[in-house]
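Below, each chain spelled out in residue letters.
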Amino acid sequence: MTTIGTRLFTALRGSHVGDDEFGNRYYRARRLAPGRRERRWVIYSGASEASSVPPAWHGWLHHSFKAPPTESPLAAPSWEKPHQRNLTGTPAAYRPPGHILKGGQREHATG
């Protein structure tokens, strides 16, 4: 959730650039200070979880791309899977064979 300060700053100084499939909203500064890089930020939909930012938007936020994905979308390679949030700490998290929450039975070690 965003704070009242972030919402106020965004309303006064931000220019909406676009939204992603998770509902996150992306902004850039309306005015660029002389000699400074453009300021870019995200307002998360729900909890502030950085892993909910898709790769194309991450690249734009970190100045890897000049144009946001709304203006110049990236072509996804055929082998690339759809973006997924970090599932650590959730019931859908990966648990290797033998994990206590997966029965706790491992195969015997060889030696």
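That block above? That's the structure.
Let me sum up the structure you'll find in this document. Note that the structure is a prediction, hence the values are computed from the model and not measured.

## Topic: the packing of aromatic side chains
Going through the model one piece at a time under the given rule, you end up with 4 aromatic pairs. On the numbers, 6.1 Å between centres and 20° between planes, the contact of Tyr27 with Trp41 is stacked. Residue Tyr27 is found in strand S2 (residues 25-29), and its partner Trp41 is found in strand S3 (residues 40-43); the two are separated by 14 residues along the sequence. On the basis of relative accessibility, which here comes to 12%, the residue Trp41 falls in the buried class. An aromatic cluster is defined as three or more aromatic residues linked by ring pairs; in this entry it consists of Phe9, Tyr27 and Trp41. Against the face of Trp41 rests Arg39, its NZ or CZ located 5.8 Å from the ring centre.

## Observations regarding the side chain of Asn24
Along the polypeptide, Asn24 turns up in the loop between strand S1 (14-19) and S2. On the basis of relative accessible area, Asn24 is assigned to the buried category, the value being 0%. For Asn24, the side chain forms a polar contact with the main-chain nitrogen of Ser45, separated by 2.9 Å. Excluding residues within four positions of it along the chain, Asn24 makes contact with Gly18, Asp19, Val42, Ile43, Tyr44, Ser45, Ser52 and Val53.

## Quick word on the sheet that holds S1
Strand order in the open sheet formed by 3 strands is S1-S2-S3, and the pairing between neighbours is antiparallel. Among the strands making up the open sheet, the edge pair consists of S1 and S3. The mean inter-strand angle of the sheet, taken between neighbouring strand axes irrespective of direction, is 30°. Summarising the sheet, S2 and S3 pair through 4 bridges and their orientation is antiparallel. Residue pairing across strands places Tyr27 opposite Trp41, the latter belonging to S3.

What counts, and at which threshold
Every chain is numbered independently, its residues counted from 1 as its sequence is written. Selection of residues for local features in this predicted model requires a pLDDT of at least 70, selection of side-chain atom pairs for listing and counting requires 80 or more, and totals for whole chains, interfaces and linings are taken over all residues. The side-chain quantities take in all heavy atoms of the structure and omit both hydrogens and water. Aromatic contacts are taken between Phe, Tyr and Trp rings whose centres are within 6.5 Å, Trp giving its six-membered ring; a plane angle under 30 degrees counts as stacked, one over 60 as edge-to-face, and the others as tilted. A run of DSSP states H or I qualifies as a helix once it reaches four residues; a run of E qualifies as a strand once it reaches two. Both are numbered from the N-terminal end. Exposed residues in this analysis have more than 50% of their type's maximum accessible area, buried residues have under 20%, and partly exposed residues fall in between, with area computed by a 1.4 Å probe over protein chains only. In our convention, an over-ring charge means Lys NZ or Arg CZ found within 6 Å of a ring centre and within 35 degrees of that ring's normal. Counting of polar contacts relies on pairs of N or O atoms within 3.5 Å, with two restrictions inside protein: one atom must be capable of donating a hydrogen and the other of accepting it, and residues adjacent in sequence are counted only when both atoms are side-chain atoms. Contact definition: two residues touch when any of their heavy atoms are within 4.5 Å. Whether two strands pair comes down to DSSP finding at least two bridges between them. Note on geometry: axes are lines fitted to C-alpha atoms, helical ones only across the stretch in contact, with angles between N-to-C directions running from 0 to 180 degrees.

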